Amino acid sequence: MGIDGHTQLVGIMANPIAHVRTPQLFNESVARQGLNAVCVPFHVLDNDVSRVLQGVGGARNFIGMIVTIPYKERVIDFCAELTETAKLVGSANVLRFDHEQGAWTGGNFDGEGFIAGLRGRGYDLRGKRVLLLGSGGAGKAIAYSVALEQPAELVIYNRTMARAEELVERLRSVAMLANVHIQAGDNDPAGFDVIINATSLGLHDNDEFPMPVERLLSGSLVCEAVVRNGNTPLLAAAEHKACNIHHGQHMLYGQIVQISGFLGFDLRAEHVAHILGP
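Residues numbered from 1 in each chain as written. Predicted model: local features only at pLDDT ≥ 70, side-chain atom pairs only at ≥ 80, totals over all residues. Heavy atoms only, no water.

Comments concerning the overall build of the chain
Here is step 1: A count of helical and extended segments in the chain gives eight helices and twelve strands.
Here is step 2: Taken against the 2.2 N^0.38 rule, which gives 19 Å for 278 residues, the C-alpha radius of gyration of the chain at 18 Å falls within 12% of a compact globule.
Here is step 3: Dimensions along the principal axes, computed over C-alpha positions, put the chain at roughly 55 × 35 × 35 Å.
Here is step 4: Counting only residues that meet the buried cut, the chain has 55% of its 278 residues in that class.
Here is step 5: Put simply, of all contacts in the chain between residues at least 6 apart along the chain, 70% involve residues at least 24 apart.
Here is step 6: Counting every atom, the chain has about 12000 Å² of accessible surface; 48% of that belongs to carbon and sulfur.
Here is step 7: Mean positive and mean negative side-chain charge positions of the chain (22 and 29 charges, respectively) differ by 1 Å. (Helix = DSSP H or I, 4+ residues; strand = E, 2+ residues; numbered from the N terminus. Rg over C-alpha atoms; globule rule 2.2 N^0.38 Å. Buried < 20%, exposed > 50% of the residue type's maximum accessible area, 1.4 Å probe, protein only. Contact = heavy atoms within 4.5 Å. Areas by Shrake-Rupley, 256 points an atom, 1.4 Å probe, with all protein chains shown as cover. Lys, Arg positive; Asp, Glu negative; His and termini not counted. Charge placed at Lys NZ, Arg CZ, Asp CG, Glu CD.)

Dropping the structure here:
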């Protein structure tokens, strides 16, 4: 990959930032296709979010910012426009900057990417009982996309139950989800066909489990939104219980094409580099 005066710049902001894998994936993928763009990490502390988003647009070749933990919900306040999904779930995982208008547009492809990753590995959620752990920025988008797959049941758990109940009510207000059984509940995985961890627990080896893993039943599909090399503690425990496991990078593989298109790059799926492990 070469960088020159025509290179388009994309950022990714997070706190912490060292664990992110999107720059490697984006840069390898666009290089394979010969696109002149580069993604660079921005380690942004809470008090600096406003200063960063107000400043980076001053670079005319800066076109967008990918957003991850913990800023997906907060960046909504900086957007003049939102895609329908970002508006519905109240979070954005990518921002596009309009230099003529001097304004950000926010989009959210976490949920679509998660479903694309599942389909790519042959999994179908239709008619399944699904437990979703976490109703933060990624959890909201995943919940919406999972519900559109018409599972038999979608139970949403959050440590703050009011947040889970708020998300359930928001999803119930969507006309096309009127016949989907969605409710807030606890984090007991027993009896569910699919369990999805959409919390940040698992970024570190000493993180607690997001659910009682001793209650996992063999044959269940346990999915991560956390992206890291190898198994998270949850996936390692699930594998030990003879569960099927699905790594977080499959969600990233699924959404990188959509994010690139939102930012103005025609990245084709066959050029996406599967370089992040399983």
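Points about unusual backbone geometry
Backbone phi values are negative for most residues with the exception of glycine, while trans is the configuration of most peptide bonds.
Here is step 1: Here the amide bond leading from Asn15 into Pro16 is cis, since omega sits at 5°, within 30 degrees of zero.
Here is step 2: Tracing the backbone through its elements, the reader meets Pro16 in the loop between strand E1 (8–14) and helix H1 (22–33).
Here is step 3: Phi is positive for Gln150, close to 60°, though the residue is something other than glycine.
Here is step 4: With respect to the element layout, Gln150 can be found in the loop between helix H5 (137–148) and strand E8 (153–157).

A closer look at the environment of Leu263
Here is step 1: Structurally, Leu263 can be placed in helix H8 (residues 249–263).
Here is step 2: Note on Leu263: relative accessible area 7%, which makes it buried.
Here is step 3: Sequence-wise, Leu263 and Ala31 are 232 residues apart; in three dimensions their C-alpha atoms are separated by 16 Å.
Here is step 4: Not counting the four nearest positions on each side in its chain, Leu263 is found in contact with Val10, Ile63, Gly64, Val94, Leu95 and Arg96.

Some points on the sheet that holds E8
Here is step 1: Spatial strand order, E9-E8-E7-E10-E11-E12: six strands in an open sheet with parallel pairing. The sheet terminates laterally at strand E9 (182–184) and strand E12 (244–246), the two strands that pair on one side only. Mean inter-strand twist for the sheet, computed between neighbouring axes without regard to direction, equals 20°.
Here is step 2: Relative to strand E10 (residues 194–197), strand E7 (residues 129–133) runs parallel, the two being bridged by four bridges. Bridging from a neighbouring strand, Val130 pairs with Val194 of E10.
Here is step 3: Across the face of the sheet, helix H6 (residues 161–172) comes into contact with E8 and E9 while running at roughly 165° to E9. (Pairing = 2+ DSSP bridges. Axes fitted to C-alpha atoms, helices over the stretch in contact; angles between N-to-C directions.)

Some remarks on the packing of aromatic side chains
Here is step 1: The tally for this structure, following the rule as stated, stands at four aromatic pairs.
Here is step 2: Ring geometry for Phe97 and Trp104: centres 4.9 Å apart, planes at 65°, overall edge-to-face.
Here is step 3: In this arrangement the basic side chain of Arg96 is found over the ring face of Phe262, its NZ or CZ atom lying 4.3 Å from the centre.
Here is step 4: Above the plane of the ring of Phe192 lies Arg129, whose end atom (NZ or CZ) is 4.3 Å from the centre. (Phe/Tyr/Trp six-rings, centres within 6.5 Å; stacked < 30°, edge-to-face > 60°. Lys NZ or Arg CZ within 6 Å of the ring centre and 35° of its normal.)

A closer look at the nonpolar core
Here is step 1: Core analysis: the largest hydrophobic core is formed by 31 residues, its most contacted members being Phe114, Ile142, Val146, Leu154, Ile156 and Ile196.
Here is step 2: Taken together, the elements giving at least two residues each to this core come down to helix H3 (84–89), helix H4 (110–120), E7, H5, E8, H6, E10 and strand E11 (221–224).
Here is step 3: Considering every element that reaches this core, the biggest residue donor is H5, with six residues.
Here is step 4: Beyond its immediate sequence surroundings of up to four residues, Val146 is in contact with Phe114, Ile115, Leu125, Val130, Pro151, Leu154 and Ile196. (Core = buried A, V, L, I, M, F, W, Y, C linked by side-chain atoms within 4.5 Å.)

Things to note about the packing of H4 against H5
Here is step 1: Following both chains from N to C, one finds H4 and H5 inclined at 60°, their axes separated by 7 Å at the closest point. It follows that H4 is oblique to H5 by the angle criterion. Crossing hand, H4 versus H5: right-handed. On H5, the residues touching Asp110, Gly111, Glu112, Phe114 and Ile115 of H4 are Gly137, Ala138, Ala141, Ile142, Ser145 and Val146. (Parallel < 35°, antiparallel > 145°, perpendicular 65-115°, else oblique. Left-handed = near helix turned anticlockwise from the far one by under 90°.)

Concerning the pairing of strand E2 (residues 37–43)
Regular strands have side chains that alternate between both faces of the sheet.
Here is step 1: One ladder, built from seven bridges, connects E1 with E2; its direction is parallel. Its bridge partner lying in E2, Gly11 is registered against Val40.
Here is step 2: A crossover links E1 with its parallel partner E2, the connecting element being H1, and its sense is right-handed. (Right-handed = clockwise from strand over helix to strand, strands pointing away.)

Examining the state of the cysteines
Here is step 1: Counted according to the given criterion, the structure contains zero disulfides.
Here is step 2: Cys243 supplies the cysteine sulfur nearest to Cys223, a cysteine that is in no disulfide, at a spacing of 11 Å. (Disulfide = S-S within 2.5 Å.)

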